[in-house]
Amino acid sequence: MDSTVVSASTSQPGPSAAGKSFAEKHAERMERLKKLHMQRNEARNSNHQEVVAEDERKKLPTNWEARKRQADWLIDDSKAKAEAEAQGMDYNRVKMMKVSAAEAERFDKLRAKKRNADPGFSDYEAQTARQYNRLVKNMEPRDLVKYEEQKQTYGDAFYGGPNVVLQGLHKDTPVAIDKMVKDLEQQIDKRKKFSRRRTHNDDADIDYINEKNARFNKKLERFYGEHTAEIKQNLERGTAI
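If you're wondering where the values come from, they're calculated on a predicted model, not measured in any experiment. (Residues numbered from 1 in each chain as written. Predicted model: local features only at pLDDT ≥ 70, side-chain atom pairs only at ≥ 80, totals over all residues. Heavy atoms only, no water.)

(A) Highlighting the overall build of the chain. The secondary structure content of the chain amounts to ten helices and zero strands. Each helix (α) and strand (β) of the chain, taken in turn from the N terminus, gives the series α-α-α-α-α-α-α-α-α-α. Out of the 241 residues belonging to the chain, those deemed buried represent 5%. Excluding contacts between residues fewer than 6 apart, the proportion of contacts in the chain whose partners are at least 24 apart in sequence is 17%. Taken as a whole, the chain presents about 23500 Å² of accessible surface, with 54% of it coming from carbon and sulfur. (Helix = DSSP H or I, 4+ residues; strand = E, 2+ residues; numbered from the N terminus. Buried < 20%, exposed > 50% of the residue type's maximum accessible area, 1.4 Å probe, protein only. Contact = heavy atoms within 4.5 Å. Areas by Shrake-Rupley, 256 points an atom, 1.4 Å probe, with all protein chains shown as cover.)

This is how it looks when you write it as structure tokens:
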């Protein structure tokens, strides 16, 4: 009997074999909880910093990023220019060596577009000046020999004046008349391509609630108007079944 009790007592596992103690498990839980608290605080601080940064970005001008990129480019460009001058090199030549043929062609197109930019016009005086500049630009180079001959022929009347009668002194050539006619025909063809805003007809029936609905109704009328004319008339008269 004693041997049986001894064998049973020796076969039971000790504390090390059964696992960790309650104190050790509690310490591990507290350590994991501490790590979770630290991660939560880090996430909270990160979110707060992002909110502050976003608020600061909203307060900046809309073109702030473009201005910042331009300022950084100017700083880098000035540094590169100073380094090139210190080495005794031509900075423009060094800079162009780093530009590809496609980029150079694109830059040339942008420069040409800026030089030939169309400023438009806001009044009739500006429109007249614009037309004058266009006509002068399209004029052929002046024949200086013919210019001197006309100057000698007309004398004081060549430059005109308040008391000079120019009627009958000059006769237009057929070539000049043909050029004028051709230019007028081009202007007429160009005006035909212009679109104008259609005026509002106050007497027309109002069958829309806004501009978008008006365009939609016009489209429906264009495609289905002939098929629904009788139905529309019956609805307006109140005789529709």
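Now that the structure has been shown, we can carry on.
(B) Broad picture of the confidence of the model for the chain. Looking at the chain as a whole, the pLDDT averages 79, with 86% of positions reaching at least 70. The secondary-structure element of the chain with the lowest mean pLDDT is helix α1 (residues 2-11), recorded at 44, while helix α3 (residues 22-59) shows the highest, at 88. Predicted confidence for residues 1-17 stays below pLDDT 50, and this span has zero contacts to residues more than four positions away or in other chains. (pLDDT = per-residue confidence, 0-100.)

(C) Representation of a nonpolar patch on the surface within the structure. A cluster of nonpolar side chains, contributed by I177, M180, V181 and L184, occupies part of the molecular surface with about 340 Å² of accessible area. Tracing the chain through its elements places L184 in helix α9 (residues 174-193). (Patch = residues over 30% accessible without salt bridge, like charges linked within 9 Å, V, L, I, M, F, W, Y side chains within 5 Å. Salt bridge = Lys/Arg side-chain N within 4 Å of Asp/Glu carboxyl O.)

(D) View of a negative patch on the surface. Taken together, the side chains of D205, D207, E221 and E236 present a region of like negative charge at the surface. Topologically, E236 is positioned in helix α10 (residues 211-237). (Lys, Arg positive; Asp, Glu negative; His and termini not counted. Charge placed at Lys NZ, Arg CZ, Asp CG, Glu CD.)

(E) Structural detail: the packing of aromatic side chains. Following the criterion strictly, the structure yields one aromatic pair and no others. Aromatic side chains F223 and Y224 sit 6.5 Å apart centroid to centroid with 50° between the ring planes, which places their arrangement in the tilted category. F223 sits in the exposed class, given a relative accessible area of 52%. (Phe/Tyr/Trp six-rings, centres within 6.5 Å; stacked < 30°, edge-to-face > 60°.)

(F) Structural detail: the pattern of salt bridges. Enumeration according to the criterion identifies four salt bridges in this entry. The closest approach of N and O atoms between D72 and K68, which form a salt bridge, is 3.4 Å. Placement of both D72 and K68 in helix α4 (residues 64-86) is noted, with a separation of four residues, approximately one turn of the helix. In this structure, the salt-bridge partner of D183 is R134, at a minimum N-O distance of 3.7 Å. Separated by 49 residues along the polypeptide, D183 in helix α9 and R134 in helix α7 (residues 124-138) bring together distant segments of the chain.

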